[in-house]
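Spelled out from the first residue to the last, the chains are:
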Amino acid sequence: MNRTEILQRMRAARPIIAPSMLKCDFGNLAHEVERLTAAKAKVLHWDVMDGHFVPNLSYGPMVIEKVRPLTDMVFDAHLMISDPDHYLDEYLKAGCDVISFHLEAVPQPTALLRRIREAGRVAGLVLNPKTPLSDVAPFVGEIDLLLLMSVQAGFGGQSFIPASVERLRQARQMISDDTILSVDGGIGLKTIAACAQAGTDLFVVGSAIFDQSDYAVAVEELTRLAS
Ligand code: DX5
Ligand code: ZN
């Protein structure tokens, strides 16, 4: 798929519930992907952590590459790493469709955003909760996706930061309708509706899916509340 096709698929799938591959059963990864496919997830969110930009280490492109042939879900890579420019080609090769990196790691992101788009993929910027929205204003014309963290990046299972709803509402006003607005962290049955009302398109969900025995019921409930 090229960038236009990926964006068309994502926009058509709104509201998107994107399971985050952090609290999944890594001992049965192929089976987890089958379960998520059966649960009708359309986008898979890969939480890449380098143990440097965030105080946690998850996985790299090798794991994503191995899962790529198992599903045609959109691969949405959230790079919580210090030097995304250095590693970009590996994530492109691994088959990531969306590549988002942190503004805190790359304060001048234009060149990297353009490199991602020129490679035919969707380019996203991520902001941690304490980073002012004004910091992203100069770059809204360079992004296809804006991800606002509703917890401090680094760990699943944290509590949703309530101020995130107002930030999502403000961010919605700053970006074009075509730009995908995503939220990540503490999204569940109690928090998703407010985020949806604020104009969010994509909801990254870890615990609220993987802590449930039936992924399909969790995805269906979350989709209903986000609609
Ligand atoms: C934080 C991670 C988590 C994860 C979602 O860096 O990005 O937010 O995706 O985890 P839950 O849904 O359990 O908060
Ligand atoms: Zn994430």
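One can find the structure itself at the top, above this paragraph.
Let us look at the structure shown here.

**A short note on the coordination of the zinc ion (ligand 2)**
Ideal values differ by geometry: the angle at a metal is 109.5 degrees with four tetrahedral donors, but 90 or 180 degrees with six octahedral donors.
Next, step 1: Looking at the zinc ion (ligand 2), one finds its protein donor set to be His45 (NE2), Asp47 (OD), His78 (ND1) and Asp184 (OD), positioned 2.0 to 2.2 Å from the metal centre.
Next, step 2: In the primary sequence, the donor residues of the zinc ion (ligand 2) line up as H-x1-D-x30-H-x105-D. Within this pair, whereas aspartate 47 is found in strand E2 (residues 43-49), its partner histidine 78 is found in strand E3 (residues 74-80), the two being separated by 31 residues in sequence. Residue aspartate 47 shares its accessibility class with histidine 78, and that shared class is buried.

**Things to note about the site of ligand 1**
Next, step 1: Near ligand 1 you find 19 residues, and of these Asp47, Gly154, Asp184, Gly206 and Ser207 are the closest.
Next, step 2: The contact in question runs from an oxygen atom of ligand 1 to an N or O atom on the backbone of glycine 186, over 2.8 Å.
Next, step 3: When isolated, ligand 1 has an accessible area of 370 Å², and the protein chains bury 99% of it.
Next, step 4: Listed by contribution, the elements that provide at least two residues to the shell around ligand 1 are E2, E3 and strand E8 (202-205).
Next, step 5: In the shell around ligand 1, the residues fall into eight nonpolar, nine polar and two charged.

About the thresholds
- Residue numbers here run from 1 along each chain, matching the order of that chain's written sequence.
- The naming scheme follows written order: chains are lettered A onward, ligands numbered 1 onward.
- Local features in a predicted model are, by the rule used here, given only for residues with pLDDT of at least 70; side-chain atom pairs are given and counted only at 80 or more, and totals for whole chains, interfaces and linings are based on all residues.
- Excluding hydrogens and water, the side-chain figures rest on all heavy atoms present in the structure.
- Distances decide who is a donor: an N, O or S atom must be within 2.8 Å of the metal, or within 3.2 Å for Na, K and Ca. Water is not included, so sites may look incomplete.
- Strands are runs of DSSP state E lasting at least 2 residues, helices are runs of H or I lasting at least 4, and numbering of each runs from the N terminus.
- Type-normalised accessible area, obtained with a 1.4 Å probe on protein chains alone, sets the label of each residue: buried when under 20%, exposed when over 50%, and partly exposed for intermediate values.
- When we say a residue is near a molecule or strand, we mean one of its heavy atoms is within 4 Å of it.
- Under the rule applied, a polar contact is a pair of N or O atoms within 3.5 Å (in protein, one hydrogen donor and one hydrogen acceptor; residues adjacent in sequence only if both atoms are side-chain atoms).
- Every accessible area reported is derived by Shrake-Rupley at a probe size of 1.4 Å, with residue values counting cover from the shown protein chains alone.
- Throughout, the ten residues Ala, Val, Leu, Ile, Met, Phe, Trp, Tyr, Cys and Pro are labelled nonpolar, Asp, Glu, Lys and Arg are labelled charged, and all others, Gly among them, are labelled polar.

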